[in-house]
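Structure at a glance
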Amino acid sequence: MGHSKALIVVVACASLACATIKLQLRSPGERVRDFPEAVAKEYDCDKRPLPFFKIESSELYPLKLQPGDEFGHRWTYVLCPESATAVVSGSLVTRIRHRGGVIFEDEIDQDLKPGRWEIDTFIPLPETTAPGLYAHEIEFRSSLGNLESSTTFIVEGP
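Structural notes, computed from the coordinates. Quick caveat: nothing in here was measured; it's all calculated off a predicted structure.

Among the nonpolar cores identified, the biggest contains 13 residues, and Phe 53, Trp 75, Tyr 77, Val 88, Leu 112, Phe 140 and Leu 147 are the most heavily contacted of them. Sorting elements by how many residues they give to this core places strand E4 (residues 70-80) first, with three residues. With sequence-adjacent residues up to four places away left out, Phe 53 is seen in contact with Val 78, Leu 79, Val 88, Leu 112, Phe 140, Ser 142, Leu 144, Gly 145 and Leu 147.

Here is the structure:
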């Protein structure tokens with residue numbers, strides 16, 4: 001990429017347009033980022049009780065929205081399994097909270113797979129969404145342990 005094109009991308013991402021660019025560059029689904037061997041080395045999994053799993057990151061974009069907008073959620077997890085291809089099965093609960101109460105909740109079956117994986121989802125807000133501070137929460141529940149993460153975002157008034 002030439003210097004002028006790189007400058008254009010930096011300037012675009014310095015504004016609110018960066019969130020739009022991120023949304024356009026990402027697509028829903030699950031992708032492997034690192035194979036199990038790399039994760040095992042990074043986390044010293046040979047010295048840990050297995051399976052070992054954790055949420056490394058949870059990111060919303062954009063963080064400021066208008067009613068009717070769509071936001072993206074990317075979360076990244078790692079798993080060091082007990083055996084090379086074992087998964088950790090459980091359920092993934094997604095919640096949105098506003099003014100202390102749950103206004104949306106969804107639960108799906110989810111398998112955590114060995115290695116480092118990132119999952120992208122997109123969530124549309126209804127046109128009737130009230131302005132204010134919201135929390136987006138994910139919780140992975142399994143018989144082997146639970147994980148959770150929470151991130152806040154703002155819906156601005158028209």
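What follows covers the packing of aromatic side chains. On inspection of all chains with the given rule, the structure shows five aromatic pairs. Here Tyr 43 and Phe 52 contribute two aromatic rings whose centre-to-centre distance is 5.3 Å and whose plane-to-plane angle is 45°, an arrangement assigned as tilted. Neither residue differs from the other here; Tyr 43 and Phe 52 are each classed as buried. Ring centres of Tyr 134 and Phe 153 lie 5.4 Å apart, and the angle between their planes is 15°; this geometry places the pair in the stacked category. Residue Tyr 134 is located in strand E8 (residues 132-142), and its partner Phe 153 is located in strand E9 (residues 145-155); the two are separated by 19 residues in the primary sequence. Under the relative-accessibility criterion, Phe 153 is labelled buried at 1%. Three or more aromatic residues link up through ring pairs in this structure, and these residues are Phe 71, Tyr 134 and Phe 153.

You can see Val 155 is positioned in strand E9. The exposure class of Val 155 is buried, given its relative accessible area of 2%. Residues Val 155 and Lys 64, spaced 91 residues apart in sequence, show a C-alpha to C-alpha distance of 5.9 Å. Leave out the neighbours within four places in its chain, and Val 155 touches Leu 65, Gln 66, Pro 67, Leu 125, Thr 129, Ala 130, Pro 131, Gly 132 and Tyr 134.

Thresholds applied
- Residues numbered from 1 in each chain as written.
- Predicted model: local features only at pLDDT ≥ 70, side-chain atom pairs only at ≥ 80, totals over all residues.
- Heavy atoms only, no water.
- Core = buried A, V, L, I, M, F, W, Y, C linked by side-chain atoms within 4.5 Å.
- Buried < 20%, exposed > 50% of the residue type's maximum accessible area, 1.4 Å probe, protein only.
- Helix = DSSP H or I, 4+ residues; strand = E, 2+ residues; numbered from the N terminus.
- Contact = heavy atoms within 4.5 Å.
- Phe/Tyr/Trp six-rings, centres within 6.5 Å; stacked < 30°, edge-to-face > 60°.

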